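# Structural features, examined
So the chains spell out like this:
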Amino acid sequence: MSGIEGHGKREQGFVARWTAVRRKGKGRYVMTRGLLFGLPLYAVWLAVTLIEIAVSEFRQALFDRGDFAVSMLIWFVVYMTIGMVLAAHRWRANEAKYRYLT
């Protein structure tokens, strides 16, 4: 099948949306979606870490401002990288679906 005419409305909607996304480019998609995937992961890590520090009996030993700042930066980079890898994987999956439907 060479066209989208034979597919349902859902597939036609996907093709229309993905065509618009493709025009903006893979780099933009991976960066924006990477942030959208990575920021919630980072926020959960930060919340759990702050709760752990607040309830721990060893608060002074766990919380050194300099070490904590470095740890925050490292984990931010790690979670943004994870988000971008997930976004790149999603791009490939959407591209395969788009090629199949068109």
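Structural data are supplied above this passage.
From a predicted model like this one, the values you see are computed outputs, not experimental measurements.

This paragraph deals with the overall build of the protein. In terms of regular secondary structure, the protein is built from four helices and zero strands. Listing each helix as α and each strand as β along the protein from the N terminus yields α-α-α-α. Relative to its full complement of 102 residues, the protein shows a buried share of 24%. When contacts within the protein are restricted to residue pairs at least 6 apart in sequence, those whose partners lie at least 24 apart make up 80%. Per element, the accessible surface of the protein, about 7,500 Å² overall, is 63% carbon and sulfur.

A grouping of K24, R28, R33 and R90 is seen on the molecular surface, where their side chains present a positively charged patch. Under the relative-accessibility criterion, R33 is labelled partly exposed at 31%.

Quick look at a nonpolar patch on the surface now. Side chains of L41, V70, I74, W75, V78, I82 and L86 sit close together on the surface and give an oily, nonpolar patch of about 550 Å² of accessible area. It is helix 4 (residues 65-101) that provides the largest number of residues to the nonpolar patch, a total of six residues. Assignment of secondary structure puts V78 in helix 4.

As a further point, take the pattern of salt bridges. Applying the stated rule across the entire model yields two salt bridges. Residue R22 pairs with E95 through a salt bridge whose shortest N-O separation is 2.6 Å. Within this pair, whereas R22 is found in helix 1 (residues 9-24), its partner E95 is found in helix 4, the two being separated by 73 residues in sequence. Here R99 and E95 are joined by a salt bridge, their closest N and O atoms 3.6 Å apart. Residue R99 and its partner E95 are both found in helix 4; the two are separated by four residues, about one turn of the helix. Residue E95 is classed as buried on the basis of its relative accessible area, which comes to 9%.

Reading the values: rules and limits
Numbers given for residues are sequential positions, taken from 1 along each chain in its written order. Given that this is a predicted model, residues contribute local features only at a pLDDT of at least 70 and side-chain atom pairs are listed and counted only at 80 or more, while totals for whole chains, interfaces and linings are drawn from all residues. Remark: hydrogens and water are excluded; side-chain values derive from all non-hydrogen atoms of the structure. The helix and strand labels rest on DSSP assignments: H or I over at least four residues marks a helix, E over at least two residues marks a strand, and numbering proceeds from the N terminus. Residue exposure (1.4 Å probe, protein chains only): buried if accessible area is under 20% of the type maximum, exposed if over 50%, otherwise partly exposed. Any pair of residues with heavy atoms lying within 4.5 Å of one another is described as a contacting pair. We get accessible surface area from the Shrake-Rupley algorithm with a probe of 1.4 Å; when it comes to residues, only the shown protein chains can shield them. Patch building starts from residues that exceed 30% relative accessible area and form no salt bridge, then joins like charges within 9 Å and nonpolar side chains (Val, Leu, Ile, Met, Phe, Trp, Tyr) within 5 Å. Counted as salt bridges are all cases of a side-chain nitrogen of Lys or Arg within 4 Å of a carboxyl oxygen of Asp or Glu. Asp and Glu are treated as the negative residues and Lys and Arg as the positive ones, with His and the ends of the chain left uncounted. All charge positions are set by atom: Lys at NZ, Arg at CZ, Asp at CG, Glu at CD.

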